[in-house]
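# Analysis of the macromolecular model
The primary structure of each chain is shown beneath.
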Amino acid sequence: DPLNRDDWEVSTPEEQGLDPSLVSELYLDASELETLYGLLVIRNGRLIAERYYNECSVETKVLLQSATKSLTSALVGIAIDRGCLSGVDQRMLDFFPESAEQVSDPRKKQITIRHLLQMRAGFPWEETTDELWEVLLSGDYVRRMAELELINDPGAAFNYSNLSSHFLGVIVSRACETDLREFAQEHLFSPIGAEVGQWNADMDGYRIGGGEMHLTARDASRFGQLYLEGGVYEGTQIVPETWVAESLQRHSDDAWVAHSRQNRIGRYFRDLGYGYQWWSAQVGDHRVDYAAGHGGQYIVLVHDLNMVIAAVGDPFYLVHTAESWKHEQATLNVVGKFIASLPANQGSRSPAAPSTD
C-alpha cells in the first residue's frame, strides 16, 4: 500500500481497474531484486502501489544516472518556450564560440540541437574505448568538443552519446544565462511540487546534462506523470504540449543498446526507438516510452493504460561491468513482465503517431 502523504492522491489497484494479484506478483518479483531501492505504480494519476528496499525511503534522493537525459530534454523545450532558444534547428557551435574556432571537421558545423536531442549528431558512444572513457571521466567536456571525432555524418545514424546530452544542458545554461539546476527547479520542479537534489557539474561548473541528477522516486514519478498528461500539471501547462509529443515520437528506429546494435533489451522491451532523449519500445501489447539510467533507474509511460511505473536502484556509480548490467536488466525484466501481463486498453489515449524524420 502506498504511503498516504500530501504529495500524491493514493488509491488501490481495484479502484483503478487493475487486477490486484498482478500487482502483488510485481512486488513479489521485486522483492527478489538485490539492488532495487524503490518501485512505484501510478494509474489514472493516483499512486496505487509503493515500496522501498535496501534502506531507501520515500525521502531518499537517488542518482538517476542517464534517466537525467529525459529531464534535460524537458528543459530544452522549456527554454524554447521561454524564448531563450529559437528552436531545435539552431547550430550547436553557435553556443560554443571557443570551440568553433578550433573545429577542423566541417561536419561539426552542421550539428543542430535537433541532432543532439535525437542522438544523431555523429558523436561516438563514450563507453566503447578506453580513450573515450578517459574523455567521459575527465569532466573537461567543452574543450574536448573540437577534438572529439565524429563517427557518422550529422543526422545519418543513431549513436548513443552522453556528451550530446551534456552539450544540450550547456546550451540551455548559456542561452538562458542561468545555472541549469536553478533553471530546472524554477521552471520544472517547483511547478509540479518536486525538488531536485544534488546535480553534479563538469569542471567548468555546468551541470551534467546526461546524468548525475538526484530525485526521490516520487518526484521521478511526478515527472513521468507530467509527460503522460502532455506536459500539464493541475491544469497548468508546464512543458509545451507540442514539445512532449515531439519528444515521444520515434525519430530513430535504428536505436540500439549494445555494441552489437541489439533492437531489444531484456526479455520484454522490444522494437526499440528513440525520440528527444526518451526511449520507446513495445512491451507485450503496449507501446511505452521510458527514461533509463544505469543500474536500474526507469520512468516508464504506458500510454494506453494511463500508467507510470518508476523504479530506482543502485546506480553502480563508475561501475560498468557484467555484474552491473545483470542487476539493471533484472529490474527492467520485472517491470516488463508486469506490463506484458496487463491487457491492452484500446479506449485510452495514446501518444502521437511516429515521426519519420
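Residues numbered from 1 in each chain as written. Predicted model: local features only at pLDDT ≥ 70, side-chain atom pairs only at ≥ 80, totals over all residues. Heavy atoms only, no water.

### Quick notes on the environment of Tyr 27
Mapping Tyr 27 onto the fold places it in helix H1 (residues 20-30). Residue class for Tyr 27 comes out buried when judged on its relative accessible area of 11%. Between the alpha carbons of Tyr 27 and Val 335 there is a distance of 9.7 Å; along the sequence they are 308 residues apart. Non-local contacts of Tyr 27, meaning those with residues more than four positions away in its chain, are made with Leu 39, Leu 40, Val 41, Ala 49, Glu 50, Arg 51 and Tyr 53. (Helix = DSSP H or I, 4+ residues; strand = E, 2+ residues; numbered from the N terminus. Buried < 20%, exposed > 50% of the residue type's maximum accessible area, 1.4 Å probe, protein only. Contact = heavy atoms within 4.5 Å.)

### Section: the pairing of strand S1 (residues 36-43)
In terms of residue burial, S1 counts as a mostly covered element, since seven of its eight residues are buried. In the sheet, S1 pairs with strand S12 (residues 307-313) via seven bridges, with the strands oriented antiparallel. Directly across from Leu 36, in S12, lies its bridge partner Gly 313. Across six bridges, the pairing between S1 and strand S2 (residues 46-52) is antiparallel. When the bridges of S2 are listed, Leu 40 appears paired with Glu 50. Remark: two residues form the turn of the hairpin made by S1 and S2, two consecutive strands paired antiparallel; Asn 44 in that turn has positive phi of roughly 55°. (Pairing = 2+ DSSP bridges.)

### Some remarks on the pairing of strand S9 (residues 279-283)
By the criterion of burial, S9 is predominantly enclosed, with four of the five residues buried. With three bridges connecting them, strand S8 (residues 269-274) and S9 associate as antiparallel partners. Counterpart to Gly 273 in the pairing with S9 is Ser 280. Connecting S8 to the antiparallel partner S9 that follows it, the hairpin turn spans four residues, and Gln 277 within it adopts a positive phi of roughly 70°. Sheet topology places S9 next to strand S10 (residues 286-293); five bridges connect them, and they run antiparallel.

### Observations concerning the pattern of salt bridges
Evaluation of the coordinates by the stated rule reveals 21 salt bridges. The partner of Glu 59 in a salt bridge is Arg 5, with the nearest N and O atoms 2.9 Å apart. A residue pair is termed long-range when its members are at least 10 positions apart, and Glu 59 in the loop between S2 and strand S3 (62-63) and Arg 5 in the segment before H1 qualify at 54 residues. Using a relative accessible area of 32% as the deciding quantity, one classes Arg 5 as partly exposed. When the shortest N-O distance is used, the salt bridge between Asp 254 and Arg 120 registers 2.9 Å. Here Asp 254, found in the loop between helix H9 (241-247) and strand S7 (264-265), pairs with Arg 120, found in the loop between helix H4 (113-118) and helix H5 (130-138); they are 134 residues apart in sequence, far enough to count as distant. On the basis of relative accessible area, Arg 120 is assigned to the buried category, the value being 10%. (Salt bridge = Lys/Arg side-chain N within 4 Å of Asp/Glu carboxyl O.)

### Thoughts on empty space enclosed by the protein
Tallied over the full model, the rule gives one cavity of 30 Å³ or more. Considered as a void within the structure, the largest cavity measures approximately 40 Å³ in volume. Along its surface, the largest cavity is lined by Ser 66, Lys 69, Ser 70, Tyr 160, Tyr 274, Gln 277, Trp 278, Trp 279, Tyr 290, Ala 291 and Ala 292. Going through the elements one at a time, helix H2 (68-81) and S10 are the ones with two or more residues in the lining of the largest cavity. It is S10 that contributes the most residues to the lining of the largest cavity, three residues altogether. Here the residues of the lining of the largest cavity sort into seven nonpolar, three polar and one charged. (1 Å grid on protein atoms, 1.4 Å probe; cavity = no way out; pocket = protein on both sides within 12 Å on 5 of 7 lines; lining within 4 Å. Points joined across faces, edges and corners; volume = space filled by probe spheres on them. Nonpolar A, V, L, I, M, F, W, Y, C, P; charged D, E, K, R; others polar.)

### Here we look at the layout of surface pockets
Computed from the structure, the largest pocket encloses a volume of approximately 1100 Å³. Lining the largest pocket are 44 residues, and of these Ser 66, Trp 125, Glu 127, His 294 and His 320 lie nearest its centre. Of all the secondary structure elements, the ones that give two or more residues to the lining of the largest pocket are H5, helix H6 (162-175), S7, S10 and helix H10 (322-341). Class assignment for the residues of the lining of the largest pocket results in 21 nonpolar, 17 polar and six charged.

### Overview of the nonpolar core
With 76 residues, the main nonpolar core has Met 92, Leu 188, Tyr 227 and Val 239 as its most contacted residues. For Tyr 227, the contacting residues outside a window of four places in its chain are Ala 74, Val 239, Trp 243, Val 244, Ser 247, Leu 248, Trp 278 and Leu 301. Grouped together as the second largest cluster of nonpolar side chains are 42 residues, Ile 48, Ala 49, Phe 158 and Met 307 included. (Core = buried A, V, L, I, M, F, W, Y, C linked by side-chain atoms within 4.5 Å.)

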